Amino acid sequence: MNTLSGRRTRVLAATTATAGLLLVAACTSSDDGGSGSKTAAGGVELVKGGQLTTCTHLPYPPFQSEIDGKYQGFDVSLIDLVAKDLGVKQKIIDTPFENFKTGAFLNSGQCDLAAAGMTITDERKKNVDFSDPYFDATQALLVAKGSGISSLADAKAKKVKLGAQAQTTGEDYVRAQGFDPVSFESSDAVLNGLRSGQVKAVVIDYPVVQGWLKDKANSDAFQVADNINTGEQYGFTVKKGNTKLRAAINKALADAKADGTYKKLYEKWIGPYEASVASPSAS
């Protein structure tokens with residue numbers, strides 16, 4: 001979720017979470033207990049020895065979610081590549097999404113980086129440093145089959161009650177189009193709001209919808225009425241000035257695109273691979 005500067009920059013998922021509350025989750029891969037030097041390969045300084053600590057906001061499939069008791073997803077897999085290059089393991093911390101915009105957990109030394117399907121925006125760049133773009137994203141207008149809603153303009157003309165995830169670029173976009181959306185805390189809550197009839201349509205990141213519609217029960221009842229290209233691109237973030245870790249992330253991304261790993265992970269977590277996504281232009 002940026003403000004509109006890239007496809008769905010999942011701008012920060014809103015939260016009712018208490019400030020400062022951190023839910024420390026199990027390691028995405030294997031956990032070595034955080035032992036070891038705080039200086040990793042390439043001279044990258046880590047907040048905790050022996051691990052690359054990642055802040056995220058769960059769940060946000062297919063980028064990060066808990067599957068079979070383990071945190072997995074496209075973002076998780078890409079950052080695992082960074083951790084491997086650094087000679088450590090990734091450890092994930094579940095945090096309120098609202099703090100990603102300010103870089104609070106990076107500045108406090110609780111996390112090395114943030115990976116949460118975040119859109120790159122000029123506003124966010126004031127507080128954090130972004131990696132190179134790793135994903136182009138669009139927004140989707142999701143409705144019930146038979147709703148008669150064919151586009152966002154149609155939904156507006158019919159004064160449809162519309163939902164979006166709070167503090168995201170999707171919510172910003174529909175507000176700019178004249179909607180007063182019902183705000184939901186998470187992507188799961190947005191979809192449940194549509195399923196329960198609380199809203200008649202939702203605007204949400206298309207990759208989320210792709211994964212959700214893989215469930216036949218969902219695809220039998222709901223459909224994408226419109227794809228909205230807002231030009232959003234996702235990036236990972238580090239504390240401002242952390243050039244060594246940023247460079248390590250960019251190298252891992254470039255290597256993954258060059259050797260086919262990115263394509264393999266994209267097909268596993270997102271869906272059919274589009275070559276244009278493999279090398280998104282810099283924001």
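Anything mentioned here points back to the structure above.
About the criteria used
Residues numbered from 1 in each chain as written. Predicted model: local features only at pLDDT ≥ 70, side-chain atom pairs only at ≥ 80, totals over all residues. Heavy atoms only, no water. Core = buried A, V, L, I, M, F, W, Y, C linked by side-chain atoms within 4.5 Å. Buried < 20%, exposed > 50% of the residue type's maximum accessible area, 1.4 Å probe, protein only. Helix = DSSP H or I, 4+ residues; strand = E, 2+ residues; numbered from the N terminus. Contact = heavy atoms within 4.5 Å. Polar contact = N/O pair within 3.5 Å; in protein donor to acceptor, adjacent residues only side chain to side chain.

Asker: So what's going on with the nonpolar core? Residues and values would help.
Answerer: Counting 45 residues, the largest nonpolar core has L52, F74, L86, Y134 and F135 as the members making the most contacts within it. Put simply, the parts of the chain that give this core at least two residues each are α1 (74–86), β8 (135–144), α6 (187–195), β11 (201–205), α7 (206–212), β12 (222–234), α9 (243–259) and α10 (261–269). For L86, the contacting residues outside a window of four places in its chain are A40, A41, V44, L46, L52, L245 and A248. Counting 15 residues, the second-largest nonpolar core is a separate cluster that includes L152, A155, V160 and I228.

Asker: Tell me about the side chain of Q139, residues and numbers included.
Answerer: Among the secondary structure elements, Q139 is positioned in strand β8. Polar contacts involving the side chain of Q139 include one to the side chain of D205, which spans 2.9 Å.

Asker: Help me get a handle on unusual backbone geometry, residues and values and all.
Answerer: Residue P59 is bonded to the preceding L58 through a cis peptide linkage, with omega at -10°. Checked against the element boundaries, P59 lands in the loop between β2 (51–56) and β3 (65–67). The peptide bond linking P61 to P62 adopts the cis configuration, its omega dihedral lying at 5°. Among the structural elements, P62 can be located in the loop between β2 and β3.

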